[in-house]
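Structural features, examined
So the chains spell out like this:
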Amino acid sequence: MNEGYPNKRTNQKASIEQRHSVNKRWLRFLRSTLLGLLVTVILHAEIAVGIGIENTGQQVEAVPNFIQTDATSPLAQLVQQAEERYRTGQVSEAIALWQQAMTRYETAGDVLNQALTLSFLATAFADLGQWTQANGAIEQAMTLLAAQNSASNPEISSALAQVLTVQGKLQLDQGQVSEAVTTWKAAEAAYRETNDSIGIVGSQINQSRALQSAGLYRRATDLLTQVEQSLHNQPDSRLKVTSLRNLGKMLRLTGELAQSRTVLEQSLAIAQALQDGTPESAADLSGILLSLGNTTRAQGETDTALALYQRAAAIAPSLMAKTQIQLVEFSLLVEVDRSADAQRLLPDIQAQLAQFPPGQQAAYAHISLAQSLIKLREPANLTASAQALAAVVQQVRAIGDHRTESYALGTLGGLYEATHQWDSAKTLTQQALSLSQSIDAPDIAYQWHWQLGRIFCQDAQPCLSKGLQNATTVYGEAVKTLQSLRTDLAAISPDVQFSFRESVEPVYRQFVELLLQSDGNAPSQDNLKQAREAIEALQLAELDNFFREACITANPIEIEQIDPQAAIIYPIILPSQLAVIVALPNQPLRYHKTDLTQAEVDRILSQMRQSLRPTAFVEDWMPSVQQVYDLLLRPVETELEASGVKTLVFVPDGLLRSLPMAALHDGQQYLIEKYSVVLTPGLQLLQPQPIEQLQLRGLLAGLSEAREGFSALPNVVVEIDQIQAEIPAQVLLDQTFTNRSLQTRMDSTDAPIVHLATHGQFSSNAEDTFILAWDGRINVKQLDQLLRAREELSPIELLVLSACQTATGDRRAALGMAGMAVRSGARSTLASLWSVSDQSTAALMIELYRELGLPGVTKAEALRRAQVSLLHQSNYTSPYYWAPFVLLGNWL
């Protein structure tokens, strides 16, 4: 920043140079405070990750760059005292001193220092939750500066930038996200006028935090990446530390966990090298350790995360920061069912919370604690938490913080729900819902619709008859709201992506269960239609969550639009039943169920999967594949045969995604011997237009040699050679199959078939879903970018992944297969649930291409014929060899 501000007033006795010489100590204080508040701000924002609530938190604050005539003058000493009070958390005392200083600046006609003091007052008022005073102070500061001519005065531009920074912080704290982004862009422009590099970078970081608060994680990450690049060649500094930490956090929120960890570890290494024993240095380290804890928590490393949280709390810069970190630790202990450890930590948290001044931070801390205590279900703790939350409601209501009030009211309603005080729970939840709707906050409203639905059912399974209709209605509203939010599901809360199965998935499943609940009668057609739509919406939401962004276009369509000779099977695994909805062309929906718990269904499905091993005998797998056939298809067997359908399209749920439906057996023959079999996450994702005869031209890439710990696949050479003999193709094999070469070929070829014969893995984590090239792994997001580059030329009609497998021990691994199929942009994807003998794979693939070359043969029928051909060979009668190959997407 510049060393002084020229004073344009002519009635001052002091010279310009003397009047506006900058006290060097103050510049050091203001710089350090700017960065210190930045760390504290991010620290506070990180707390939301572990508590399941969205907390906009504080941002990078501009601390007034005061101008003094003499460091020993009474005014300088007054400001110094205010600084000391503020540093030690004596905010009210600091306010009183700054108000005195502001009055003296006003008397002296020093507009710039008056405005800057007002901006710091605004920050201090906000710390106490006194929003009327905070907003009034910042508006007064902006009015003073608006009367100045900043165009010809860089010092005024510098002051304006600092005041705008504080104004943006206040706006974001009050939920005015778009206004905050606009204000911080203006601050960045003002800093650029004075070539203030720290101010520019700080403004960009602030903008990224605002974008993150709006759930726009990709934009936030892109902006922070620019910041990192601008700092890359600069010396290590606290600003660099903070920029890397923010980038690491954004990478976590967008699902790039390994990269997030790497960036945060870089930030930690620099912070440790810069450590000088000051509170600011401790704040840096504490904040980074918290961020690392959140990333390792998302990676499933519970012990590592807990250790990092404990290190962060031990060096936290304040009691408030320490308590907030301990709340995150407490939530994790509850989450992993370490209740004894959680109970040991609880008394310290409660004692420290009692010392919090009223305000938003205190409110969210109490809300966080209450949410964790609800899961612990300890009556004494719940009572104390309810009393604290009731006080919080009054405090935030007094300052007009409606968003926090809605959270507090709803969480208080949740406490009453946990203790079965239904009337009070309903009243409070309805108040919270009404408040969230009044401020247009759907990310909060869906939670209260869901909670209200549970309250109407009064924790009964099935739902009590008297509350069924009301519960179904509000659950329907919750699902509608979630669907409206799917353009960026992350907007629900920073941690919702990593608690999807707790905070989103149950809403859909419980809604479906209510729709299918009936008193001896079959559910109505309307209810069946809604249930089918809800399950498809859940499939979309799961894929959004898999990729950490909503990037899949969905269009509701009917089966008749795609194929009048196909039936759609929707198996739905619910807590107390396995429900199946069947859609036949031009017929009413059919429904049947089996009363089995989810655990029993999972056991049956796991048993089938385990029986399909290469060493198994027919006596091992046949009972399982027949049992699953009986559950899914036996009740509609006659209707399927009478309808004349040729293709069965499964929209699988849960562990069914990992099972080959082709291997189901009716007692006489395998399902694949009667029908073509297809998997899809939902009809909404299909491109219904029929295609002309598939042009058999391909891009073939394969890896036959051992790489990165994966075994050699010698028959890949045979597979590619023989496919090349069947269809015209370009080939990349072994050393020529690299990430770059694949990209080059994809950019230059319009071949409708892309065949990748290489090791690969499907996982429930996008980072662990990949294919193997000669020079390393290509994960699903990188592959998405490679393949989608083709869209401008012509779409891929068929993507073949012939040697992939689902991750061992990952019960949701097949989600990665669906994700890769959807994100590739290919109309159809052929993949394998497990890696089998590359000799049998080669035989199946060669037969597949022969069948595809015949007139009128669809992709699904070509695969069916290839599988039947293999199972009739004496060496490959076991489903292990022919069943794992599944077709996803358009089957025509």
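The following paragraphs examine the structure supplied in this document. Here the residue numbering is sequential within each chain, running from 1 through the sequence in written order. Local features in this predicted model are restricted to residues whose pLDDT is 70 or higher, and side-chain atom pairs enter the listing and the counts only when it is 80 or higher, whereas totals over whole chains, interfaces and linings include all residues. Each side-chain value is worked out from all heavy atoms of the structure, with water and hydrogens disregarded.

Let's talk about the overall build of the protein chain
Here is the rule: In this text, helices come from DSSP runs of H or I with a minimum length of four residues, and strands from runs of E with a minimum of two, each type numbered from the N-terminal end. Burial here depends on accessible area, computed with a 1.4 Å probe over protein chains only, as a share of the maximum for the residue type. Under 20% is buried, over 50% is exposed, and the range in between is partly exposed. Values of accessible area rely on a 1.4 Å probe in the Shrake-Rupley scheme; residue burial ignores everything except the protein chains shown.
Regarding its fold elements, the protein chain presents 36 helices and 13 strands. Counting the 892 residues in the protein chain, one finds 62% classified as buried. Per element, the accessible surface of the protein chain, about 33400 Å² overall, is 48% carbon and sulfur.

A look at unusual backbone geometry
Non-glycine residue Asp 337 carries a positive phi angle of around 65°. With respect to the secondary-structure elements, Asp 337 resides in the loop between α15 (319–335) and α16 (339–353). Classification of Asp 337 by relative accessible area gives exposed; the value is 65%. Although it is not a glycine, Asp 734 adopts a positive phi angle of roughly 55°. Following the sequence through the fold, Asp 734 ends up in the loop between β7 (729–733) and α31 (739–748).

A word on helix α24 (residues 505–516)
Operational definition: Multiplying 1.5 Å by the helix residue count minus one yields the expected span of that helix.
Between its terminal C-alpha atoms α24 stretches 17 Å, which fits the 16 Å expected from twelve residues at 1.5 Å a residue. The complete set of buried residues in α24 reads Glu 505, Pro 506, Val 507, Tyr 508, Arg 509, Phe 511, Val 512, Glu 513, Leu 514, Leu 515 and Leu 516.

A look at the environment of Asp 173
For Asp 173, the position within the fold is in helix α7 (residues 154–173). For Asp 173, a relative accessible area of 5% puts it in the buried group. In this structure the C-alpha to C-alpha distance between Asp 173 and Trp 131, which are 42 residues apart in sequence, comes to 9.8 Å.

Remarks on the nonpolar core
Where a protein is soluble and globular, its nonpolar side chains tend to be buried together. Filter applied, for reference: In plain words, nonpolar cores are sets of buried Ala, Val, Leu, Ile, Met, Phe, Trp, Tyr and Cys residues tied together by side-chain atoms within 4.5 Å. Residue contacts are defined here by distance: any two heavy atoms, one from each residue, within 4.5 Å place the two residues in contact.
By size, the foremost hydrophobic cluster in this structure holds 234 residues, and its most contacted members are Phe 330, Leu 632, Leu 633 and Phe 650. Tallying contributions element by element places helix α17 (residues 360–376) first for this core, with ten residues. Discounting chain neighbours no more than four positions away, the residues touching Leu 632 are Pro 571, Leu 578, Val 580, His 592, Phe 650, Leu 656, Met 661 and Leu 664. Counting residues in hydrophobic clusters, the runner-up holds 34 residues, among them Leu 112, Ala 115, Leu 116 and Ala 137.

Observations concerning the pattern of salt bridges
Keep this limit in mind: In the sections that follow, a salt bridge refers to a side-chain nitrogen of Lys or Arg positioned within 4 Å of a carboxyl oxygen of Asp or Glu.
Going through the model one piece at a time under the given rule, you end up with 28 salt bridges. Across the pair Glu 641 and Lys 674 runs a salt bridge whose closest N-O atoms are separated by 3.2 Å. One end of the pair, Glu 641, is in helix α29 (residues 637–643); the other, Lys 674, is in the loop between β4 (647–650) and β5 (676–679), with 33 residues separating them in the sequence. Glu 726 is paired through a salt bridge with Arg 850; the nearest N and O atoms lie 3.2 Å apart. Taken together, the positions of Glu 726 in helix α30 (residues 715–726) and Arg 850 in helix α34 (residues 838–852) put the pair 124 residues apart, joining distant regions of the chain. A residue is classified by how much of its surface remains accessible, and Glu 726, at 36% relative accessible area, is partly exposed. Owing to a relative accessible area of 41%, Arg 850 belongs among the partly exposed residues under this scheme. Beyond isolated ion pairs, a larger network of salt bridges with shared partners links Glu 851, Glu 861, Arg 864 and Arg 865.

Some details on the pairing of strand β12 (residues 828–832)
This is how it is decided: Being paired, for any two strands, means DSSP has found at least two bridges between them.
Along β12, five of the five residues are buried, which leaves the element largely enclosed by surrounding structure. What you see with β12 is no split at all: Ser 828, Leu 830 and Ser 832 on one side and Thr 829 and Ala 831 on the other are buried throughout. As paired strands, β12 and strand β13 (residues 885–889) are joined by five bridges and run antiparallel to one another. Its bridge partner lying in β13, Leu 830 is registered against Leu 887.

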